[in-house]
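A closer look at the structure
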Amino acid sequence: EAGVAQSPRYKIIEKRQSVAFWCNPISGHATLYWYQQILGQGPKLLIQFQNNGVVDDSQLPKDRFSAERLKGVDSTLKIQPAKLEDSAVYLCASSLSGSSYNEQFFGPGTRLTVL
Amino acid sequence: GEDVEQSLFLSVREGDSSVINCTYTDSSSTYLYWYKQEPGAGLQLLTYIFSNMDMKQDQRLTVLLNKKDKHLSLRIADTQTGDSAIYFCAESASGGYQKVTFGTGTKLQVIP
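Residues numbered from 1 in each chain as written. Chains lettered and ligands numbered in written order. Predicted model: local features only at pLDDT ≥ 70, side-chain atom pairs only at ≥ 80, totals over all residues. Heavy atoms only, no water.

What follows is about the pattern of salt bridges. Counted by the stated rule, this structure contains five salt bridges over all chains. The residue Lys62(A) makes a salt bridge to Asp57(A) at a minimum N-O spacing of 3.7 Å. Owing to a relative accessible area of 26%, Asp57(A) belongs among the partly exposed residues under this scheme. In this structure, Lys36(B) engages Glu38(B) in a salt bridge whose closest nitrogen and oxygen atoms are separated by 3.9 Å. (Salt bridge = Lys/Arg side-chain N within 4 Å of Asp/Glu carboxyl O. Buried < 20%, exposed > 50% of the residue type's maximum accessible area, 1.4 Å probe, protein only.)

Structure representation (structure tokens):
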């Protein structure tokens, strides 16, 4: 079974530029998550999708971050414009369902450096 | 809000046991997890425990839960160099769509 795919693996941009990350979850997984992991910290949930609907985006900085999952499969996360403090690893995860206990499967992440 | 705390670093010798500790604040936590993150990789679920359990054993891994003190530990028996990684404690409540709150992570270094 293929795992969660993410691209690119690494991205370096200057502040105020825009960047987009892509995630393809495990086939059949209804729930998709985007996490931000700052160096030395645990992952912080940015947004959670159930199929193509948003379940939780309470910690997404909506003035600069946006995410979509139009067909309920793959997803993109965009930052526009980027700030220095956005430097982090952006992790995508998926699970069969978001309710009750469900194991989350993580992709390898995209490491973003903002200069 | 929820808070999950861990010590930052643990160093053990190969063959010894490792014990990684975690404390959490949310009394409604139903599921408690241990994830492993190797360099350059995403997180991998190692094991989890329901809040109505005190202990769970899975091969070399033993999870102990003290719900009264909100304390969770992960014991790795016969620690190997391949166990070197960052270990994250996490918790979630039941009902609705679960939100998982992760701790800060404990970096385990295994000395050959």
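Attention shifts here to the pairing of strand 8 (residues 75-79) of chain A. All names here are of chain A. The alternating pattern of strand 8 places Ser-75, Leu-77 and Ile-79 on a buried face, while none of Thr-76 and Lys-78, on the opposite face, is buried. Bridge analysis of strand 7 (residues 65-68) against strand 8 gives four bridges, and the strand direction is antiparallel. For Ala-67, the partnering residue across the bridge sits in strand 8 and is Leu-77. Hairpin connection of strand 7 to strand 8: six residues between the antiparallel strands, including Gly-72 at a positive phi of 75°. (Helix = DSSP H or I, 4+ residues; strand = E, 2+ residues; numbered from the N terminus. Pairing = 2+ DSSP bridges.)

To find leftover empty space, one rolls a probe the size of a water molecule over the atoms. Of the volumes computed, that of the largest pocket is approximately 670 Å³. Lining the largest pocket are 31 residues, with Gln37(A), Leu39(A), Arg111(A), Gln37(B) and Ile86(B) positioned closest to its centre. At the level of elements, strand 9 (88-95) and strand 11 (110-114) of chain A together with strand 9 (85-92) and strand 11 (106-111) of chain B are the ones that each hand at least two residues to the lining of the largest pocket. Looking at the lining of the largest pocket element by element, the count peaks at four residues for strand 11 of chain A. Across the lining of the largest pocket, the residue classes break down as 14 nonpolar, 13 polar and four charged. (1 Å grid on protein atoms, 1.4 Å probe; cavity = no way out; pocket = protein on both sides within 12 Å on 5 of 7 lines; lining within 4 Å. Points joined across faces, edges and corners; volume = space filled by probe spheres on them. Nonpolar A, V, L, I, M, F, W, Y, C, P; charged D, E, K, R; others polar.)

This paragraph deals with the sheet that holds strand 1 (residues 5-7) of chain A. Paired through their backbone hydrogen bonds, the strands of a sheet run either parallel or antiparallel. All names here are of chain A. Strand order in the open sheet formed by four strands is 1-3-8-7, and the pairing between neighbours is antiparallel. The sheet is open, and its two edges are formed by strand 1 and strand 7, each paired on a single side. Neighbour-to-neighbour, the strand axes of the sheet open up by a mean angle of 15°, direction not taken into account. Looking at chain direction, strand 1 and strand 3 (residues 19-24) are connected through three bridges and run antiparallel. Note on strand 3: the bridge partner recorded for Ala-5 is Asn-24. (Axes fitted to C-alpha atoms, helices over the stretch in contact; angles between N-to-C directions.)

Below, the discussion takes up the state of the cysteines. In total, this model carries two disulfides over all chains according to the counting rule given. Cys23(A) shares a disulfide with Cys92(A); S-S distance 1.9 Å. On the sign convention where negative means left-handed, the S-S torsion of about -70° between Cys23(A) and Cys92(A) marks this disulfide as left-handed. Taken together, the residues Cys23(A) in strand 3 and Cys92(A) in strand 9 connect sequence positions 69 residues apart. Cys92(A) shares its class with Cys23(A); the two are buried. Across the disulfide, Cys22(B) is cross-linked to Cys89(B) (sulfur-sulfur distance 2.0 Å). Between Cys22(B) and Cys89(B) the sulfur-sulfur dihedral comes to about -65°; the bridge is accordingly left-handed. Within this pair, whereas Cys22(B) is found in strand 3 (residues 18-24), its partner Cys89(B) is found in strand 9, the two being separated by 67 residues in sequence. (Disulfide = S-S within 2.5 Å.)

We now examine the sheet that holds strand 3 of chain B. Residues and elements named next belong to chain B. Read from one edge of the open sheet, five strands run 1-3-8-7-6, paired in antiparallel fashion. Single-partner strands in this sheet number two, and they are strand 1 (4-6) and strand 6 (55-58). Sheet twist, expressed as the mean angle between neighbouring strand axes with direction ignored, is 15°.

The subject of this paragraph is the environment of Thr30(B). All names here are of chain B. The residue Thr-30 is located in the loop between strand 3 and strand 4 (31-37) in this model. For Thr-30, a relative accessible area of 17% gives the class buried. Distance from Thr-30 to Ala-93, taken between C-alpha atoms, is 4.7 Å for residues 63 residues apart in sequence. Beyond its immediate chain neighbours, meaning those up to four positions away, Thr-30 contacts Ile-49, Phe-50, Ser-51, Ser-92, Ala-93 and Ser-94. (Contact = heavy atoms within 4.5 Å.)

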